[in-house]
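Structural description and commentary
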Amino acid sequence: MAIFSVYVVNKAGGLIYQLDHYAPRAETEKTFSFPLELVLRPHDEHVLVSFGQRDGIRVGHAVLAINGIDVNGRYTGDGRDVLEFLGNPANYPVSIRFGRPRLSSNEKLMLASMFHSLFAIGSQLSPEQGSSGIEMLETDTFKLHCFQTLTGIKFVVLADPRQSGIDSLLRKIYEIYSDFALKNPFYSLEMPIRCELFDQNLKLALEVAEKAGPFGPGL
């Protein structure tokens, strides 16, 4: 069981904190000869497979590394254009690692804003007054849990569907936010959280939740 990530969204729908705690990655690395039998296309900030599937590589997978060098967007870590490099026969044979594309900072901001809107829609669709909004969304691979405070701050946790104790974890995160962000004299409300003690205590809380489930008194 695992907790994948934590998001903190302010009352205006802005992402003020995000932590990737554990990201299971289904990655495939293969050595190819020229010409490359997969069709690659740039899309947003990634180079994706647009045609051709083999050995666990699927359409929509991104190029994550070439010859052991990580790829950042459309360029390798040493500054070479991915498509130009792979279009040159002199660079073959070449080892390419494929996997699900990593979310960029802009994509995370956009998703937080979208969830804020869905949360508001969920509240409005309720047949009863004073709906809490979306508290949980479930898929076959993860559950999204949300706790909104009285001041409109949303704490969102993505976790394994079998992970227990998420309700108490959300309240623990709220407690950590109150102790190490709100009480920090250098922190401004609704602004991004950049506090080392907040980071440390949040990571500790996630580790405790993964190992022990619900929080007991004094944790």
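A brief report on the enclosed structure follows. Just so you know, these numbers come straight off a predicted model, no measurement behind them.

Quick notes on the overall build of the chain
- From N to C terminus, the chain includes four helices and 12 strands.
- The principal-axis extent of the C-alpha atoms belonging to the chain is close to 60 × 40 × 35 Å.
- In the chain, which comprises 219 residues, the share counted as buried stands at 41%.
- Looking at the chain alone, contacts between residues at least 24 apart form 56% of all its contacts between residues at least 6 apart.
- Across the chain, 21 positive and 25 negative side-chain charges occur, with their mean positions spaced 1 Å apart.

Observations regarding the packing of aromatic side chains
- Counted by the stated rule, this structure contains seven aromatic pairs.
- Measuring from ring centre to ring centre gives 5.4 Å for Phe-155 and Tyr-177, while their planes differ by 70°; the resulting arrangement is edge-to-face. Of this pair, Phe-155 sits in strand β12 (residues 154-159) while Tyr-177 is found in helix α3 (residues 166-182), placing the two residues 22 residues apart along the sequence. Take Phe-155 and Tyr-177: they sit in the same class, and that class is buried.
- Through successive ring pairs, a cluster of aromatic residues spans Phe-147, Phe-155, Tyr-174 and Tyr-177.
- Lying across the ring of Phe-119, Lys-154 places its NZ or CZ 4.8 Å from the centre.

Details of the layout of surface pockets
- Roughly 220 Å³ of internal volume is contained in the second largest pocket.
- Lining the second largest pocket are 14 residues, and of these Glu-135, Cys-146, Phe-147, Gln-148 and Arg-171 sit closest to its centre.
- Of all the secondary-structure elements, those providing two or more residues to the lining of the second largest pocket are β11 (143-148) and α3.
- When its residues are assigned to classes, the lining of the second largest pocket shows seven nonpolar, four polar and three charged.

Some words on a nonpolar patch on the surface
- A cluster of nonpolar side chains, contributed by Leu-103, Met-110, Leu-111 and Met-114, occupies part of the molecular surface with about 360 Å² of accessible area.
- Structurally, Leu-111 can be placed in helix α2 (residues 105-125).
- Leu-111 sits in the partly exposed class, given a relative accessible area of 36%.

Here we look at unusual backbone geometry
- A cis amide bond, omega 0°, links Phe-34 with the succeeding residue Pro-35.
- Mapped onto the fold, Pro-35 is located in the loop between β3 (28-32) and β4 (39-43).
- Pro-93 follows Tyr-92 through a cis peptide bond whose omega is 0°.
- Positive phi is not limited to glycine here, since Asn-67 has a value of about 50°.
- By secondary structure assignment, the location of Asn-67 is in the loop between β6 (62-66) and β7 (69-72).
- Take Asn-67: its relative accessible area is 40%, and that puts it in the partly exposed class.

About the thresholds
- Residues numbered from 1 in each chain as written.
- Predicted model: local features only at pLDDT ≥ 70, side-chain atom pairs only at ≥ 80, totals over all residues.
- Heavy atoms only, no water.
- Helix = DSSP H or I, 4+ residues; strand = E, 2+ residues; numbered from the N terminus.
- Buried < 20%, exposed > 50% of the residue type's maximum accessible area, 1.4 Å probe, protein only.
- Contact = heavy atoms within 4.5 Å.
- Lys, Arg positive; Asp, Glu negative; His and termini not counted.
- Charge placed at Lys NZ, Arg CZ, Asp CG, Glu CD.
- Phe/Tyr/Trp six-rings, centres within 6.5 Å; stacked < 30°, edge-to-face > 60°.
- Lys NZ or Arg CZ within 6 Å of the ring centre and 35° of its normal.
- 1 Å grid on protein atoms, 1.4 Å probe; cavity = no way out; pocket = protein on both sides within 12 Å on 5 of 7 lines; lining within 4 Å.
- Points joined across faces, edges and corners; volume = space filled by probe spheres on them.
- Nonpolar A, V, L, I, M, F, W, Y, C, P; charged D, E, K, R; others polar.
- Patch = residues over 30% accessible without salt bridge, like charges linked within 9 Å, V, L, I, M, F, W, Y side chains within 5 Å.
- Areas by Shrake-Rupley, 256 points an atom, 1.4 Å probe, with all protein chains shown as cover.
- Salt bridge = Lys/Arg side-chain N within 4 Å of Asp/Glu carboxyl O.

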